[in-house]
Protein chains: 2
Amino acid sequence: MRTTVHDVADAAGVSVSTVSRALTGGSVSPATRATVMAAAERLGYRPNRTARGLITGRTGNYGLIVPDLQNPFFADIAKGVSARARAVDGGVFITDTDEDVSAELEALATLGRNTDGVLLCSPRATDAELKEAADPETTVLVHRQVPGMLSISADIAAGTRQAIDHLRALGHRRIAFLAGPDESWAGAQRLATLAEYDKKPEYDEKPESNDKTDKTGVEILRFGSVAPTFEGGVLAGDLVLASTATAVLAYNDLVAMGLLHRLAARGVPVPERMSVVGYDDISLAAMSHPPLTTVAVPKGRAGAAALELLLRRVGGAGKPATTVREREVTLPTGLVVRASSGLAPTTSG
Amino acid sequence: MRTTVHDVADAAGVSVSTVSRALTGGSVSPATRATVMAAAERLGYRPNRTARGLITGRTGNYGLIVPDLQNPFFADIAKGVSARARAVDGGVFITDTDEDVSAELEALATLGRNTDGVLLCSPRATDAELKEAADPETTVLVHRQVPGMLSISADIAAGTRQAIDHLRALGHRRIAFLAGPDESWAGAQRLATLAEYDKKPEYDEKPESNDKTDKTGVEILRFGSVAPTFEGGVLAGDLVLASTATAVLAYNDLVAMGLLHRLAARGVPVPERMSVVGYDDISLAAMSHPPLTTVAVPKGRAGAAALELLLRRVGGAGKPATTVREREVTLPTGLVVRASSGLAPTTSG
DNA sequence: AAATTCCCTGCATACGTTTGCAAGGGAGTC
DNA sequence: GACTCCCTTGCAAACGTATGCAGGGAATTT
C-alpha cells in the first residue's frame, strides 16, 4: 500500500492536518515542519493528486489533444507543453485522436472533466463544433483561432507573404501552391493571404494595411487539395511539373518533402529547375535533400504559451487575460532559407 | 460547476447509488437504467475519475515516460500507447524528460503515485537505478530489458543478424557499424550480436543456439560512439568513407539519414559505392533519398503491448502474467529492404 | 499579575464516487 | 394463500487530502 498522509502523521507524531499544512505551506512551527518533512522524505511520501484535487477543485493536470503524434509538427507542440508542465510540476494527459474529429470532441469532454483545462490542436473541426464542445474558460486552441475562444496561433499571413516575396525576389513569376485539406483552418489562412496577390494593386492601399510589399506581377497557381502527407507531395510532383510553375509553396514540410522526392525521381534538379518552399520548419526540413527552405512556425513555443495562458486563467497566478490581444495570442513566423529555393530558371534554359 | 452524480440522481429521481450502479454496470432494473442513462446524457455527465479512483484504488490513468517526443521512434510508441488507452477508456500522462535521467526517475516517482502503472522508455538509466526507482509490479519497461522487471522489447539480435546477413549476401565483406551512446541498452544488444561475427566458427555450434547462419568471412568495423541523431550520421559519413568498408549498419535511422546526407554531399552514390542500412524503420525511412533499407522494430505495437501487459496485471482483466516469458515479452523484428542497399562494388570498380 | 492577543495544533467536515449492508417489494413455489 | 427467494433500491461509510473552527499555550501588554 502506498504511504499516505496518515503514515507520515504517525511517523512524525502529529495529526494529519499538521502534515498537510507542513507540506502545503500552512502555518506550522519551524520545528514541527522539519520533523514532518523528514518523516515524509524518509517514507518517500508523494501527495496523491487525485485526493488533493477532489478537495481543492484543481488537479494540477492538463489535457492535450492532437490529431497525430506521429506528425512531427504535433510532436513538437507536445514536447513544448510537456516541458512547461514539468516546470510547474503539472501532469499532462495527451490524447492522439488519429485525425478523427468525433474522437477529438469525445476526448475534449472527458479531459475537460478530469483536468484543470485542455489544450486543443484541432485543425479540422468546425468553429461551431468547437464552441459547443469546449468550455471557453478552460480550453485553449493551439494553431487555430475561433472568435471568443482562447487561442495561440502563428502569423500565417506574414509567413506566407515572406515565402512568396522570397520567390518573387528570386525571379519567379508563376508559383504553384499545394493546398491542403479543405477543412483546415491554417489552410484557409494561407489561401486568404495568397488571394491578395490576385487582387488589383489599389486594394493594397487601404489604410489599415501595414503591408507595403508589392504584390503585382506574380501569379499563384493552385493545386489540390492534396493530403498533407509525404504521399500527397509525391502525387503533387507530377501535377506541378505539368504546369508552367517554376516554384512551389507546399502546404507543409511533409508535402514539400514528398514533392522533392518525386522531383528527384523524375530527374528535375532542385532548385535549378524548380524551387520548393515548405511550411512549418519541422526538424526533418533541415535533413531533406536538398535542405528545405520553409516558413518557420513556432511549435514548442506555441505549446508552452498555450499552457501558460491556461495557467494564468485557472492557476490563480497573475490576473487572467481579459483583452482580446491577451486571449488570442499570435506568435511570429519567419522564413528560413535553405537550399531548396534559388533563382528562377531563365526562359532560354 | 460541473454536473455530478448527484445532479443526475435528482434529474432521474433516484439515489446516487443507483446512478452509480446504472453507469458502472451494477444490478439495476432496465427501466431505471434507461432513465438514468437518459438523464446523464442530457446533463452531459462524465464521471470524475479523480473521485472514482479514490475509492476503487484504480484511476484508469497510466503514465508514459519518454526521453524525447520529437524523436519519431518515441512518438510512434506514444501513439501506440495512446490508441490502446483510448480503446479501454483510459487516460495517459506523457512526460518528456528531455534525455535527462534524473528527470526520468523523478517522473517515475510522481507518476507511480498518481497512476495505475507506468510505461517507461529509458534507454540510458542503469539497471540498478531502475530497480530502485520503479515498482516492479506496476512498471513496464519498453524496448529495454532488466531481469525481474516487466518489459516489452524487440528481438534486436535477430534484426541485427538479418541486416548483416543481407549485406553479406550482397557481397559485402567489410561492414561498418556506427555505434550509438555507450549507455544505451539497445546499443549494447547490437554490439553483443555483432561480436558473434568475430568469433571462431566453432562458437556457433553450441547446442542452445538455434542460429544456423554462416557468420564467417565478414568483418565488422566499429565506429563511434556517435550521437544517435542526424548530425551524428553526418559526422560519421567522413569516418566511414576513410575506411575500407563498403556497407554501413547505422545505430538507427536518424543516423543513417545523416550518413546518407553526407554521402550525397561528397558525391558518393548509394548504393552503388556504399550500402546503408538503418535501424528502427521510423516513418522517415521510406522518405529518405534513396529510401532506406532498415531493420523494422515494432514501436506502436510495443507501446500497445506494454499497456496491455499492465492492464492484465492491474486491470483485473485476465490473470496477471507470471512466467518469465509472459513478463518479459520479446516482439519480432524484420529487415525491410529498400533502395539504400545493393550489391557490393566489384574490387576493380 | 492578570488579561489579551497570537500562534500553533487537532478535530471534524467536505469533495464525488463506489460499495457493503439492509430493507422493501414482486414473483414464484408449495 | 403464505412463505421464500431474489431483484432492486437507498443509506451510510470510506478513499486521501485540505481547511474552517475552536482550544490551548506562550508571549506580550496594561
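Thresholds, definitions, all that
All residue numbers here refer to positions counted from 1 along the written sequence of the relevant chain. Just so you know, chain letters begin at A and ligand numbers begin at 1, following the order they were written in. Two thresholds apply to this predicted model, a pLDDT of at least 70 for residue-level local features and 80 or more for giving and counting side-chain atom pairs, whereas whole-chain, interface and lining totals are computed over all residues. Hydrogens are left out, water is left out, and the side-chain values use all remaining heavy atoms of the structure. UniProt positions are given in the numbering used here, feature names are shortened, and annotations may be inferred rather than shown by experiment. Working definition: helices are DSSP H or I runs of at least four residues, strands are E runs of at least two. Numbering for both runs from the N terminus. In short, DSSP must find at least two bridges between two strands for them to pair. Between the N-to-C directions of two axes lies an angle of 0 to 180 degrees, each axis being a line fitted to C-alpha atoms and, for a helix, fitted only over the stretch in contact. Residue types Ala, Val, Leu, Ile, Met, Phe, Trp, Tyr and Cys, when buried and joined through side-chain atoms within 4.5 Å, form a set referred to as a nonpolar core. Only protein chains enter the area calculation, which uses a 1.4 Å probe; residues under 20% of their type maximum are buried, those over 50% are exposed, and those in between are partly exposed. Residue contacts are counted whenever heavy atoms from the two residues lie within 4.5 Å of one another. A 1.4 Å probe defines the accessible area here, and the buried area is the portion of it lost by two parts on being joined, summed over both. For this analysis, a salt bridge means a side-chain nitrogen from Lys or Arg found within 4 Å of a carboxyl oxygen belonging to Asp or Glu. Polar contact is the term for a pair of N or O atoms within 3.5 Å; when the atoms are in protein, one must be able to donate a hydrogen and the other to accept it, and sequence-neighboring residues count only if both atoms are side-chain atoms. Only Asp, Glu, Lys and Arg are considered charged in this grouping, and only Ala, Val, Leu, Ile, Met, Phe, Trp, Tyr, Cys and Pro are considered nonpolar; every other residue, Gly among them, is considered polar.

Details of the UniProt feature "domain: HTH lacI-type" (unreviewed entry) in chain A
Working step 1: UniProt's feature table lists "domain: HTH lacI-type" (unreviewed entry) at residues 3-56 of chain A, given in the numbering used throughout.
Working step 2: Structurally, residues 3-56 of chain A is divided into 72% helix and 0% strand, and its ends, taken at the C-alpha atoms, are 21 Å apart.

A short note on the sheet that holds strand β12 (residues 334-336) of chain A
All names here are of chain A.
Working step 1: If you trace the six strands from one edge of the open sheet to the other, you get β7-β6-β8-β9-β10-β12, paired in mixed fashion. The sheet is open, and its two borders are formed by β7 (219-223) and β12, each paired with just one other strand. Strand-to-strand, the axes of this sheet are offset by a mean angle of 25°, without reference to chain direction.
Working step 2: Summarising the sheet, strand β9 (residues 275-280) and strand β10 (residues 293-296) pair through four bridges and their orientation is parallel.

Some points on the nonpolar core
Working step 1: Core analysis: the largest hydrophobic core is formed by 105 residues, its most contacted members being L64, I94 and L119 of chain A together with L64 and L119 of chain B.
Working step 2: The contact partners of L119 of chain B, leaving out residues within four places of it in the chain, are G63, L64, I65, V81, V140, V142, G303, A306, L307 and L310 of chain B.
Working step 3: Among the nonpolar cores identified, the runner-up in size contains 27 residues, and F93 and L130 of chain A together with L120 and A134 of chain B belong to it.

Examining the interface of chain A and chain B
Working step 1: Contacts between the two partners involve 48 residues from chain A and, on the opposite side, 48 residues from chain B.
Working step 2: Contact with chain B buries surface across chain A, with R46, K79 and R113 of chain A losing the most and accounting together for 17% of the total.
Working step 3: At the boundary of chain A and chain B, one finds eight salt bridges.
Working step 4: A salt bridge links D96 of chain B to K79 of chain A; its shortest N-O distance comes to 3.0 Å.
Working step 5: Along the contact surface separating chain A from chain B lie 22 residue pairs in polar contact (both at pLDDT 80 or more).
Working step 6: Contributions of two or more residues to the side of chain A that touches chain B are made by α4 (49-56), α5 (72-87), β2 (91-96), α6 (101-114) and α11 (253-265) of chain A.
Working step 7: Of the residues forming the side of chain A that touches chain B, the biggest block, seven residues, is contributed by α6 of chain A.
Working step 8: Residues of the side of chain A that touches chain B, tallied by class, amount to 19 nonpolar, 18 polar and eleven charged.

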